[in-house]
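# Report on the structure
These are the residues of each chain, in order.
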Amino acid sequence: MDTDVVVVGAGPTGLMLAAWLARLDVDAVIVDSKHEPTRESRAVGLQARSIEIYDQLGVADRVMAEARTAPAARPGYGHSMLHPVEFGSIGLGQTAFPQLYILEQSRNERILVDALNASGRDVEWGTTVTGIDVIDGGVAVRVSDDAGAERTITARYLVGADGASSAVREARGIAFEGTTNDEIFCVIDAIGVRGLDNDAINIRPADRDLLLTFPMEGERHARVITLVSEGDDDDPDALEAAIRDRISAAFGVSWDSHTWFATYRVHHRVAERFRDGPVFLAGDAAHVHSPVGAQGMNTGLQDAHNLAFAFADVVKRGADDSILDRYESERMPVAHHLIDTTDQLFSFVTSRDLGPRLIRRIGPRVLGPAVTRVVPHTWVGNRGFGYLAQLRVRYRMPGSERADGTRDPVIGRRLPWTGRNFAALRSLTWQVHEYGSVNPGVVREIERSLGCDVHVFSAAPGTPLVAGEFYLVRPDGYVAARAHASDAVQIFGQALPGARTLEAEA
């Protein structure tokens, strides 16, 4: 084989995957028919879990230097702005990145391209996939460059991260099941905006309209999302002018100019499978949904993170190829859950039925003052941040569901953050954690038998991490198993991919 992995598509998902494969020393090639990273801002929201992944990759300082926070949401109706929902550090205690962040897709891509370049690798720009064949031991990917020169790349695995219209997905005949909304939306990166809270996320429904805005870098610069009315002109300049006039009349919001304008329909679709033999799908090639909650780009980044470490377990640790099945079993339920939740929210905010329209009109005025002042500082707000920031994503693993039907609070979850323990994840290795009860003899036995480092931390009150128990943590930060000292070697040895304990060798 020419390489271990071919990645098709150099958007956020493909670039994150390529950067991680380089960091994990897994040989890979990434190709894209474009000639450079995206120039348009496109997606704008960056969630805390994605920044944790950037931190593990070693580029969080740059991410945080370029990102801006969204300190509040400003609900309203029509021309009226209501009391702001102040976020502050709403996720304090859950993560080192407890706020809501704005960082355009184009900036994410450039950060990832630079990380890839720093590892000595680059994207093969201007390279188009023309054919895919599954062969013994992997895939043969036929590509051509701008000059028409063709060649074939052989690899153990292929990942389609080439967007909603994925050529890889189409070539493999994988269905993309779901629905497309009738409404047409537009996105405008507007300059010189007036009539908004320029530092906040503005959410303003009207009787039969919707305005959603996000603050962007620069004074009075905002991402504007709204509906396109039936009968509007198809010419982009005329359409943007008509939308500007309508928004001014309906919401009292105007702007001087724009740097980007595009229209789109909202899709809710999930591929019927994320793995097809040696071929995988990730990001928008695997799932697309509404922009509600700024989940799309972040979900793709986390697909890439999950898949990169699965590849490393097989390619570098010698684990069986079946380990890669966990990617679909873990990430597909996440995609379906997002489709369900964002579809429901999207349907509510766009519905023209009388009930939702009345709730959108009356709800913010009646409940707004109490909700905006109290909820962000309560258990509800704290838990809501966990979901929004994708810190509460749960994978189904052996032991994650108990015999009584309840779910284990740790297994299958992202490792609870204690303020110090995430630094250990930068080793990019399987590891064992223990909190609050040092047992040197057990520590030495685990390290000797399993070849895993054991990290001992002080007790972690307020988290589900129990003193005296040991936790097997995957390199991607998810807890794979827990055990008492007496059976830690046996249980962890069964969970470690490619692991051979000294007892098994004997």
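Residues numbered from 1 in each chain as written. Predicted model: local features only at pLDDT ≥ 70, side-chain atom pairs only at ≥ 80, totals over all residues. Heavy atoms only, no water.

### A short note on the packing of helix 1 (residues 12–23) against helix 7 (residues 296–315)
- Between helix 1 and helix 7, the shortest axis-to-axis distance is 8 Å and the interhelical angle comes to 30°. Considering their axes alone, helix 1 and helix 7 lie roughly parallel with respect to each other. For the crossing formed where helix 1 meets helix 7, the hand is right-handed. Of the residues in helix 7, those touching helix 1 at Pro12, Thr13, Met16, Leu17, Trp20 and Leu21 are Met297, Gly300, Leu301, Ala304, His305, Leu307, Ala308, Phe309 and Phe311.
- Taken together, the residues that form the contact of helix 1 with helix 7 break down as 12 nonpolar, three polar and no charged. (Axes fitted to C-alpha atoms, helices over the stretch in contact; angles between N-to-C directions. Helix = DSSP H or I, 4+ residues; strand = E, 2+ residues; numbered from the N terminus. Parallel < 35°, antiparallel > 145°, perpendicular 65-115°, else oblique. Left-handed = near helix turned anticlockwise from the far one by under 90°. Contact = heavy atoms within 4.5 Å. Nonpolar A, V, L, I, M, F, W, Y, C, P; charged D, E, K, R; others polar.)

### A few points about the pattern of salt bridges
- A complete count under the given rule lists 36 salt bridges for this structure.
- Glu124 is the salt-bridge partner of Arg151, the closest N and O atoms lying 2.7 Å from each other. Taken together, the residues span a long stretch of sequence, with Arg151 in strand 12 (residues 150–160) and Glu124 in strand 9 (residues 124–125) at a distance of 27 residues.
- Take Arg151: its relative accessible area is 39%, and that puts it in the partly exposed class.
- On the basis of relative accessible area, Glu124 is assigned to the partly exposed category, the value being 26%.
- Two residues, Glu469 and Arg482, come together in a salt bridge whose shortest N-O distance is 2.7 Å. Residue Glu469 is found in strand 23 (residues 469–473), and its partner Arg482 is found in strand 24 (residues 479–484); the two are separated by 13 residues along the sequence.
- Judged by relative accessible area, Glu469 falls into the buried class, the value being 12%. (Salt bridge = Lys/Arg side-chain N within 4 Å of Asp/Glu carboxyl O. Buried < 20%, exposed > 50% of the residue type's maximum accessible area, 1.4 Å probe, protein only.)

### Some words on the nonpolar core
- If you look at the biggest cluster of nonpolar residues, it comprises 98 residues, and the most contacted ones within it are Val5, Met16, Trp20, Leu21, Leu46, Leu158 and Phe311.
- Examining the composition of this core, we find that 11 residues originate from one element, helix 7, more than from any other.
- Those residues in contact with Met16 that lie beyond four places of it in its chain are Ile53, Tyr54, Leu57, Leu112, Leu301 and Ala304.
- Counting 24 residues, the second-largest nonpolar core is a separate cluster that includes Val393, Leu450, Val454 and Ala488. (Core = buried A, V, L, I, M, F, W, Y, C linked by side-chain atoms within 4.5 Å.)

### A word on the sheet that holds strand 8 (residues 101–102)
- Taken together, three strands build an open sheet; the order of strands is 3-8-4 and the sheet is antiparallel. Either end of the sheet is taken by a strand with one partner, and the two such strands are strand 3 (45–46) and strand 4 (68–69).
- Two strands pair when backbone bridges link them, and strand 3 and strand 8 are joined in this way by two bridges, in the antiparallel orientation. Each residue of the ladder has a partner; that of Gly45, found in strand 8, is Ile102. (Pairing = 2+ DSSP bridges.)

### Some remarks on the packing of helix 1 against helix 4 (residues 105–118)
- Viewed as axis vectors pointing N to C, helix 1 and helix 4 meet at an angle of 25°, and their least axial separation amounts to 9 Å. Classed by the angle they form, the pair helix 1 and helix 4 counts as roughly parallel. Classified by chirality, the crossing of helix 4 by helix 1 is left-handed. Residue-level inspection shows Pro12, Leu15, Met16, Ala18, Ala19 and Ala22 of helix 1 in contact with helix 4, the latter providing Gln105, Glu109, Leu112, Val113 and Leu116.
- Per-class residue counts for the contact of helix 1 with helix 4 are nine nonpolar, one polar and one charged.

### Looking at the confidence of the model for the protein chain
- Looking at the protein chain, pLDDT values average 89 and 90% of them are 70 or higher.
- Segment residues 500–506 is flagged for pLDDT under 50; beyond a separation of four residues in sequence, or across chains, it makes nine contacts in the model. (pLDDT = per-residue confidence, 0-100.)

### Some remarks on the sheet that holds strand 24
- Read across the sheet, four strands follow the order 22-21-23-24 without closing on themselves; strand pairing throughout is mixed. Looking at which strands have only one partner, the edges of the open sheet turn out to be strand 22 (453–457) and strand 24. Between one strand and the next, the sheet's axes are offset by a mean angle of 25°, whatever the strand orientation.
- Inspection of the sheet shows strand 21 (residues 431–435) paired to strand 23 by four bridges, in the antiparallel sense.

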